[in-house]
Amino acid sequence: MVRGRIPRQPAKTGRHEGAGISRPLKASQKNAGLRPGPTQATKKKSRERSTKGYNPLAPERIAEILRLLDQLYPDVTCALTHKDAWQLLVATILSAQSTDVNVNRVTPELFRKYPTVADFAALTPEQLEPDIRSTGFFRNKSKSVVGAAKRIVTEFGGQVPDDMARLLTLPGVARKTANVVLGTWFKKADGLVVDTHVTRIARRLELTKNTDAPKIEQDLMKVIPREKWILFAHQLIWHGRKLCIARRPKCVDCALENICHAGDKTWSTVEIHKNAKL
Ligand code: SF4
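In this text, all values refer to a predicted model and were calculated from it rather than measured experimentally.

Asker: Any chance you could break down the overall build of the protein for me, citing the residues and the numbers?
Answerer: A tally of helices and strands in the protein yields 13 helices and 0 strands. Ordered by position from the N terminus, the helices and strands of the protein form the series α-α-α-α-α-α-α-α-α-α-α-α-α. Per-residue burial for the protein yields a buried fraction of 44% across its 278 residues. When contacts within the protein are restricted to residue pairs at least 6 apart in sequence, those whose partners lie at least 24 apart make up 57%. Carbon together with sulfur atoms contributes 55% to the accessible area of the protein, which is approximately 15,800 Å² in total.

As structure tokens, then:
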């Protein structure tokens, strides 16, 4: 960079180009044939017009989002360490309100101590609690893991079911957990994993206006091609960890910046849509 030159820093509002308050022209300026700049009202109208014609779900925009995510995160997958469907199910239950790193610290010893589903099914929740305490909410999680193990042993012959309907009958298993197991282990795209990262980024990218996970999942299933469901969710999760973090996202480093109008961007070269955030 040439010394003494400071790079352009766009305003948070995205109105950095030629932005300014319109003032009446002086007589000398009028005589010079200059025209007054747009008034605040005119600018507001033109902003409304440009937002009106904008379709965040346009197929070309969705394709561009998918292309950029593929470039950034070509083959990402679930970060929870596991060797089989049961271990993944347990790890996913433990990951609620915790981090994958935290869960990965606990599970190797846990699965060394209790190697099979039957070992877990033979426990009481109280016996399991000390082993998973550090993942938080350990009493509920113990009940879920032991309850799921008992049901898998008694109802499903010791095998983790590979379909949504039966997975949802397990204690502590909702669609998010079921989608993680189905997508990551069984490679079945029954739906999309919607966690805190997917929720935040789907809203920032205006792929949904909803805030609750089941509705967000439905919205995403309508616009993302089915063959992309598994990878797309993992890509958003990784993007949410690396760049599109909850507080102060690193927009200046983000490849999606010029197609993202998020209301809480920290840097923008495009118009801001104030409702595009959580
Ligand atoms: S530009 Fe910012 S808010 Fe938009 S996706 Fe990238 S990091 Fe997230």
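We are not done yet, so read on.
Asker: Mind laying out the site of the ligand, listing which residues take part and the relevant values?
Answerer: Taken together, Arg204, His239, Cys244, Pro249, Cys251, Cys254, Glu257, Cys260, Ala262 and Lys265 form the complete shell of residues around the ligand. Of the residues in the shell around the ligand, the class split is 6 nonpolar, 1 polar and 3 charged.

Asker: Explain helix 3 (residues 59–72) residue by residue, including any values.
Answerer: Compared with the 20 Å implied by 1.5 Å per residue over 14 residues, the 20 Å span of helix 3 between its first and last C-alpha is a close match. Within the sequence span of helix 3, burial applies to Arg61, Ile62, Ile65, Leu66, Leu68 and Leu69. All buried residues of helix 3 fall inside an arc of 165° around its axis, so they share one side. Those residues of helix 3 that are exposed and aimed more than 90 degrees away from the buried face are Pro59, Glu60 and Gln71. Where the residues of helix 3 are buried, they touch helix 12 (213–223) and helix 13 (229–242).

Asker: Could you give an account of the nonpolar core, naming the residues involved and the relevant values?
Answerer: Core analysis: the biggest nonpolar cluster contains 69 residues, and Trp86, Leu110, Phe120, Leu128 and Phe232 have the highest contact counts within it. Per element, the largest residue contribution to this core is 8 residues, and it comes from helix 4 (residues 85–94). In contact with Phe232, not counting residues within four places along its chain, are Ile65, Leu66, Leu69, Leu192, Leu207, Leu220 and Ile224.

Asker: Give me the lowdown on the environment of Val198, citing residues and values where you can.
Answerer: Mapping Val198 onto the fold places it in helix 11 (residues 196–204). Val198 sits in the buried class, given a relative accessible area of 1%. For the pair Val198 and Ala213, spaced 15 residues apart in the sequence, the C-alpha separation amounts to 9.1 Å. Beyond its immediate stretch of four places on either side in the chain, Val198 contacts Val193, Leu220, Ala233, Leu236 and Ile237.

Asker: Which residues make up the confidence of the model for the protein, and what are the values?
Answerer: Averaged over every residue, the pLDDT of the protein is 88; residues scoring 70 or more account for 82%. Contacts for the low-pLDDT stretch residues 1–25, under 50 throughout, to residues beyond four places or in other chains number 33 contacts.

Asker: Describe the environment of Ala276, with residues and values.
Answerer: When you line up the elements, Ala276 lands in the segment after helix 13. In this structure the C-alpha to C-alpha distance between Ala276 and Arg204, which are 72 residues apart in sequence, comes to 4.8 Å. Setting aside chain neighbours within four positions, we find Ala276 in contact with Arg203, Arg204, Glu206, His261, Ala262, Gly263 and Asp264.

Parameters and conventions
Residues numbered from 1 in each chain as written. Predicted model: local features only at pLDDT ≥ 70, side-chain atom pairs only at ≥ 80, totals over all residues. Heavy atoms only, no water. Helix = DSSP H or I, 4+ residues; strand = E, 2+ residues; numbered from the N terminus. Buried < 20%, exposed > 50% of the residue type's maximum accessible area, 1.4 Å probe, protein only. Contact = heavy atoms within 4.5 Å. Areas by Shrake-Rupley, 256 points an atom, 1.4 Å probe, with all protein chains shown as cover. Near = heavy atom within 4 Å. Nonpolar A, V, L, I, M, F, W, Y, C, P; charged D, E, K, R; others polar. Expected span 1.5 Å × (residues − 1). Arc of directions from axis to C-beta. Core = buried A, V, L, I, M, F, W, Y, C linked by side-chain atoms within 4.5 Å. pLDDT = per-residue confidence, 0-100.

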